[in-house]
Amino acid sequence: MKGAALTAPFFCPRCPRLRGKMAAMSLIILDTCVNCDVCEPVCPNKAISLGEVYYEINPDLCTECVGHFDVPQCVEVCPVECIPGDPDRVESREQLMLKYEHLMAKAAS
Ligand code: SF4
Ligand code: SF4
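Position numbers for residues start from 1 in each chain and track the written sequence from start to end. Working convention: letters from A go to chains and numbers from 1 go to ligands, in the order in which they are written. pLDDT decides what is reported in this predicted model: residues at 70 or higher carry local features, side-chain atom pairs at 80 or more are listed and counted, and totals for whole chains, interfaces and linings draw on all residues regardless. As a convention, hydrogens and water are excluded, and side-chain values are obtained from all of the structure's heavy atoms.

Peer 1: In this structure, what is going on with the overall build of the chain? I would like to understand it.
Peer 2: The helix and strand labels rest on DSSP assignments: H or I over at least four residues marks a helix, E over at least two residues marks a strand, and numbering proceeds from the N terminus. Counting secondary structure elements, the chain contains 2 helices and 4 strands. Beginning at the N terminus, the succession of helices and strands in the chain can be written as β-β-β-α-β-α. Residue exposure (1.4 Å probe, protein chains only): buried if accessible area is under 20% of the type maximum, exposed if over 50%, otherwise partly exposed. Counting across all 109 residues of the chain, residues that qualify as buried make up 37%. Contacts spanning at least 24 positions in sequence make up 74% of the contacts within the chain whose residues lie at least 6 apart. Approximately 6,400 Å² of the chain is accessible, and the part contributed by carbon and sulfur atoms is 55%. Residues count as neighbours in contact if any of their non-hydrogen atoms are within 4.5 Å of one another. Throughout, the Shrake-Rupley method with a 1.4 Å probe supplies accessible areas, and for residues the shown protein chains are the sole cover considered.

Shown next as structure tokens:
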């Protein structure tokens, strides 16, 4: 789903008030992305790449940085705060950790 089509409520992973209280989820880049390039290199899962128009996140690779960092690295560096959680990809912290372990096992094989 492109960010431009995102109409459902989403949560900002940057908000400490909500952290740990809401379901985790992979993240999505909205069409307000300015293609500044700073998020792609900080992603530990190589989940971010330049799409046809702006950067995109592969939800199959995004663990919300679970397993690597306490906070999503892309959200930390994005200058325009265009990376919310994707309400269509709600996953528990346990599911994100399982995804992380699967990715690590795949990388090691
Ligand atoms: Fe990559 Fe972490 Fe951002 Fe997901 S939250 S796209 S794993 S940097
Ligand atoms: Fe787009 Fe934000 Fe990534 Fe820059 S950091 S490329 S504005 S999503």
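Peer 1: Looking at this model, I keep getting lost on the site of ligand 2. Mind explaining?
Peer 2: Nearness is judged by heavy atoms alone; a residue qualifies as near a molecule or strand once a single heavy atom is within 4 Å of it. Ligand 2 sits among 14 residues. The nearest are C33, V34, C36, C39 and C78. For this scheme, ten residues count as nonpolar: Ala, Val, Leu, Ile, Met, Phe, Trp, Tyr, Cys and Pro. Four count as charged, namely Asp, Glu, Lys and Arg, and the remainder, Gly too, count as polar. For the shell around ligand 2, the per-class residue count stands at 12 nonpolar, 1 polar and 1 charged.

Peer 1: How should the site of ligand 1 be read in this particular structure?
Peer 2: Around ligand 1, a shell composed of L27, C43, P44, N45, I48, I57, C62, T63, E64, C65, P72 and C74 is seen. Looking at the shell around ligand 1 residue by residue, the classes come out as 9 nonpolar, 2 polar and 1 charged.

Peer 1: Just checking my understanding: could you explain the nonpolar core for this structure?
Peer 2: Taken as a class, soluble globular proteins show a tendency for nonpolar side chains to be buried jointly. Side-chain atoms within 4.5 Å are what join buried Ala, Val, Leu, Ile, Met, Phe, Trp, Tyr and Cys residues into a set we call a nonpolar core. Counting 18 residues, the largest nonpolar core has L27, I29, I48, I57, C74, C82 and I83 as the members making the most contacts within it. Of all elements in the fold, only β3 (55-57) and α1 (73-77) reach the threshold of two or more residues within this core. Beyond its immediate stretch of four places on either side in the chain, I57 contacts L27, I28, I29, A47, I48, C62 and I83.

Peer 1: Would you explain helix α2 (residues 93-108) in this entry?
Peer 2: An α-helical segment advances 3.6 residues per turn. Residues three or four places apart therefore align on the same side. In this model, α2 (16 residues) spans 23 Å end to end at C-alpha, consistent with the 22 Å of a helix rising 1.5 Å per residue. The set of residues buried in α2 consists of L96, K99, Y100 and L103. Projected onto a plane normal to the axis of α2, the buried residues spread over an arc of 100° and lie on a single side. Projecting away from the buried face of α2 at angles above 90 degrees are the exposed residues E94, L98, H102 and A108. Multiplying 1.5 Å by the helix residue count minus one yields the expected span of that helix. What the arc describes is the spread of directions from the helix axis to the C-beta atoms.

Peer 1: Explain the side chain of N45 to me, please; I cannot follow it from the model alone.
Peer 2: In this fold, N45 is placed in the loop between β1 (25-27) and β2 (48-50). Identification of polar contacts relies on pairs of N or O atoms within 3.5 Å, with a donor-acceptor requirement for protein atoms, meaning one able to donate a hydrogen and the other able to accept it, and with residues adjacent in sequence counted only if both atoms are side-chain atoms. Among the polar contacts made by the side chain of N45, one reaches the side chain of T63 at a distance of 3.0 Å. Of the polar contacts made by the side chain of N45, one reaches the side chain of H68; its length is 2.9 Å. In contact with N45, other than residues within four places in its own chain, are L61, C62, T63, H68, L103 and M104.

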